Amino acid sequence: MTVHTDVVCPFCGCLCDDLEITVEGNEITGTKNACAISRSKFMNHGKNRLESPIVDGKEASVEETIEEAAKVLANAKRPLVYGLSSTECEAIGRAVELAEVCGGVVDNTSSVCHGPTILALQQVGESKTTLGEVKNRADLVIFWGSNPTEAHLRHILRYSVMPKGMYVPEGRKGRYIVTVDVRDTRMKRLSDQFLKIQPGGDFELLSALRAAVRGSRIQAESVSGVPMEEIVELARRMKAAKMGIVFFGLGLTQSDGRHMNIDAAVGLVAELNHHTKFLLTPMRGHYNVAGANSVTAWQTGYPYAVDFARGYPRYNPGEYTAVDLLASGEADAAVIVASDPGATFPVDAASRLARIPTITLDQKVTPTTMLSRVVIPVATAGVECEGTAYRMDGVPIRLKRLVKPHAGALTDAEVLVRMIERVRELRGEA
Amino acid sequence: MKKVEVTLISGRTSQQGSGLEVGKTSDEYFNSTSYVELSAEDAEALDLEDGLPVEVNTDHGSVVVTGRVSKELDSGLAFFPYGPWANRVFGSTTEGTGMPAYKGIRASLCDARDAKVKTLTELVEEMGGKGL
């Protein structure tokens, strides 16, 4: 029996790095410090695994799947490489390279999570910080359109609500917690102030708060369902904070307004920095979606939605994003890595995966593998192989290998390297 | 048939997150994604008891899922956990951003107590997949 300490959890953007994982033989038998989702990830990582590579519904060898995938990609006119947020950075880099070799498009899951955040931050900038600084300094924490009690379970314990920090020695008592949401989530009970907002009313409320911070009078009794006195009181409290932060989630990016909501949030935070130190951080979902953005940006200049059709990278969310390429019927082949668009995309985009040759690298049976022509089982990063991932605040953390890969599976990066080599050969570029 | 108009939002739940790590084909995933939450007032308007099937309709499609009554929701608001059942009723228009409207679309709910909630395999086969 081996107890691995300081293990990093490869589930959400918190990348908690204090787990203890017990391994007996090649099996994980226990976890400590893991949240419910993390514990499920580690304890069930061997269940429902893909037992064999598959081509056209029949078992095949890895070599046969790579050969078939390479033929598809060498002949495709508009291949899409998508996913990448639940794998490590080396694999992400190889996926970008594959898209370049094929003259295709590479997109990652940020297009359906914080893509609008990126669009806004590229326009208006960002006040960045680390979660460590939040823990040690923040005395006003606002969760806007995000619910860490469901999606980032230890965020409130490790960074934002409960922990004692250097300048917040009382922990929870030293912080004022605010939640803005359309429904009464468990965060309401954890918060000192809860603002129930009408669905789609974020832009207006953010703008009203900004106006209140500036001292402007708004001629309304309420904005987006929130009484004006609560808005004015929150504005006063924000200006009086020693350090404040807004953690925002998909309640802003997936609602009406999308990137304009983030633009308004940045505007509010910029206004507050005339009075005190104020920051904002997106609550990134998949554990390495921040890494997918970083790697894609350092290789191409752009964080997602990158098209190589002209031989050089071009960027245009809304056109080169996966949902748009699939729903329009433009993509004529797809490579899906560490993602399940068959379950996460609207049905008219997802069902396109069954009508084009789709090649999927995954650990388990998913709707996407069921829609795919070629399926290649791979090792789980952070459990069966090492790698680097980027936490939601942009801090890179090294993932550990705890057990051997299931049935000798290759890593995402190893499969992609072989695919790239074979596509180059078929295109006469080797 | 009785029906109520709602604003529909989708989102992550911890059960859905835990269930997907067991596997998308697991009972845990099915149970954590094939339902919609509605307010007690809307359930009463539909004469619907907690746990009975309800049909969700939008401009983009319809799906039958289990209806769950939630104290977190006001009348006129419904919540769908992320997953393939939810994605039967969300559209792929992204307004030039790459992001579909996963939160805040108009939907109607109606009693479907005699209908069956489709399995994951049935949903995927309807999409053209080969199933397990």
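Residues numbered from 1 in each chain as written. Chains lettered and ligands numbered in written order. Predicted model: local features only at pLDDT ≥ 70, side-chain atom pairs only at ≥ 80, totals over all residues.

## Considering the overall build of chain A
Selection rule: Helix numbers and strand numbers start at the N terminus; a helix is a DSSP run of H or I with at least 4 residues, a strand a run of E with at least 2. Here the globule rule is a power law, 2.2 Å times the number of residues to the power 0.38, and the radius of gyration is based on C-alpha atoms. Once C-beta atoms are placed from the backbone, each residue is buried if 20 or more other C-beta atoms lie within 10 Å of its own, exposed if 12 or fewer, and partly exposed for counts between those two.
Helix and strand counts for chain A stand at 19 helices and 21 strands. Relative to a compact globule of 430 residues, whose C-alpha radius of gyration would be 22 Å, chain A shows 23 Å and is just as compact. With respect to the principal axes defined by its C-alpha atoms, chain A has extents near 65 × 55 × 30 Å. Looking at chain A as a whole, 60% of its 430 residues are labelled buried.

## A closer look at the nonpolar core
Side chains of nonpolar character tend, in soluble globular proteins, to be buried together. Our working definition: As used here, a nonpolar core is made of buried Ala, Val, Leu, Ile, Met, Phe, Trp, Tyr and Cys residues. They are joined through C-beta atoms within 7 Å. These domain limits were set by an automatic method or by a database of domain assignments.
With 186 residues, the main nonpolar core has Ala95(A), Ile142(A), Leu209(A), Ala265(A) and Ala78(B) as its most contacted residues. Here the element with the most residues in this core is helix H3 (residues 89-102) of chain A; it accounts for 8 residues. If you count residues domain by domain, this core takes at least three from each of domain 1 (50-113 + 287-426) and domain 2 (115-282) of chain A.

## What about the interface of chain B and chain A?
Spelled out, the test is: We call two residues in contact if the C-beta atoms placed from their backbones are at most 7 Å apart. In this count, Pro and Cys sit with the nonpolar residues alongside Ala, Val, Leu, Ile, Met, Phe, Trp and Tyr, while Asp, Glu, Lys and Arg are called charged and the others, Gly among them, polar.
Counting residues at the interface gives 45 residues for chain B, matched by 55 residues for chain A. Contributions of two or more residues to the side of chain B that touches chain A are made by strand E1 (3-11), helix H1 (14-22), strand E5 (77-81), strand E6 (103-111) and helix H4 (120-126) of chain B. Classifying every residue of the side of chain B that touches chain A gives 16 nonpolar, 22 polar and 7 charged.

## Considerations on the confidence of the model for chain B
So the rule is basically this: pLDDT expresses how confident the predictor is about each individual residue, on a scale running from 0 to 100.
When pLDDT is averaged along chain B, the result is 96; 98% of the residues meet or exceed 70. Model confidence for the complex: the whole-complex pTM is 0.97, and ipTM, which rates the interface, is 0.97.

## A few points about the domain arrangement of chain A
All names here are of chain A. Looking at the assigned domains, one finds that chain A contains domain 1 (50-113 + 287-426) and domain 2 (115-282). With centres defined by C-alpha atoms, the gap from domain 1 to domain 2 works out at 34 Å. A class-by-class count of the residues in the side of domain 1 that touches domain 2 yields 7 nonpolar, 5 polar and 2 charged.

## Points about the sheet that holds strand E19 (residues 374-377) of chain A
Residue and element names in this part refer to chain A. To be explicit about the condition: The pairing criterion is simple: DSSP has to find at least two bridges between the two strands. Whenever a helix is involved, its axis is fitted only over the stretch in contact; in every case the axis is a line through C-alpha atoms, and angles between N-to-C directions fall within 0 to 180 degrees.
The strand order E5-E4-E19-E18-E17-E6-E7-E15-E16 describes an open sheet built from 9 strands, whose pairing is mixed. With partners counted over all chains shown, the strands left at the sheet margins are strand E5 (58-59) and strand E16 (314-315), one partner each. Of the strands in this sheet, strand E4 (54-55), strand E6 (79-83), strand E17 (333-337), strand E18 (358-362) and E19 are in contact with helix H2 (residues 62-75), which crosses E19 at around 135°.

## Comments concerning the packing of H3(A) against helix H19 (residues 412-426) of chain A
Residue and element names in this part refer to chain A. Quick reminder of the rule: Here the word oblique covers every angle except those under 35 degrees (roughly parallel), over 145 (roughly antiparallel) and from 65 to 115 (roughly perpendicular). The crossing is said to be left-handed when, going from far helix to near helix, the turn is anticlockwise and less than a right angle, and right-handed when the turn is clockwise.
Following both chains from N to C, one finds H3 and H19 inclined at 15°, their axes separated by 9 Å at the closest point. What the angle tells us is that H3 and H19 run roughly parallel. Two packed elements cross with a definite hand, and for H3 against H19 that hand is left-handed. Contacts between H3 and H19 involve Glu90, Ala91, Arg94, Ala95, Glu97, Leu98, Val101 and Cys102 on the former and, on the latter, Asp412, Ala413, Leu416, Val417, Met419, Ile420, Val423 and Arg424.

## A look at unusual backbone geometry
All names here are of chain A. One non-glycine residue, Asp6, lies in positive phi territory at about 50°. Structurally, Asp6 can be placed in strand E1 (residues 2-7). With 11 C-beta atoms packed within 10 Å, Asp6 lands in the exposed category. In this model, Ala305 sits at a positive phi of 55°, which is unusual for a non-glycine residue. As for its position among the elements, Ala305 is in the loop between helix H13 (289-300) and strand E15 (306-307).

## Examining the pairing of strand E3 (residues 53-58) of chain B
Residues and elements named next belong to chain B. Here E3 runs beside strand E4 (residues 61-70); their pairing, made up of 6 bridges, is antiparallel. Looking at E4, one finds that Pro53 is bridged to Thr66. The antiparallel hairpin formed by E3 and E4 contains 2 residues in its connecting segment. Pairing between E3 and E6: 4 bridges, direction antiparallel. Bridging across to E6, Asn57 finds its partner in Ser108.

## Some remarks on the sheet that holds E1(A)
Residues and elements named next belong to chain A. Reading across the sheet, the 3 strands line up as E1-E2-E3 and stay open at both edges, with antiparallel pairing between neighbours. With one partner strand each, in any of the chains shown, E1 and strand E3 (27-32) form the two edges of the open sheet. Direction aside, the axes of adjacent strands within the sheet are offset by 25° on average. By the bridge criterion, 5 bridges tie strand E2 (residues 19-24) to E3 in an arrangement that is antiparallel. Across the sheet, the residue bridging to Ile21 is Thr31, located in E3. Contacts from helix H1 (residues 36-43) reach E2 and E3, with the element oriented near 165° to E3.

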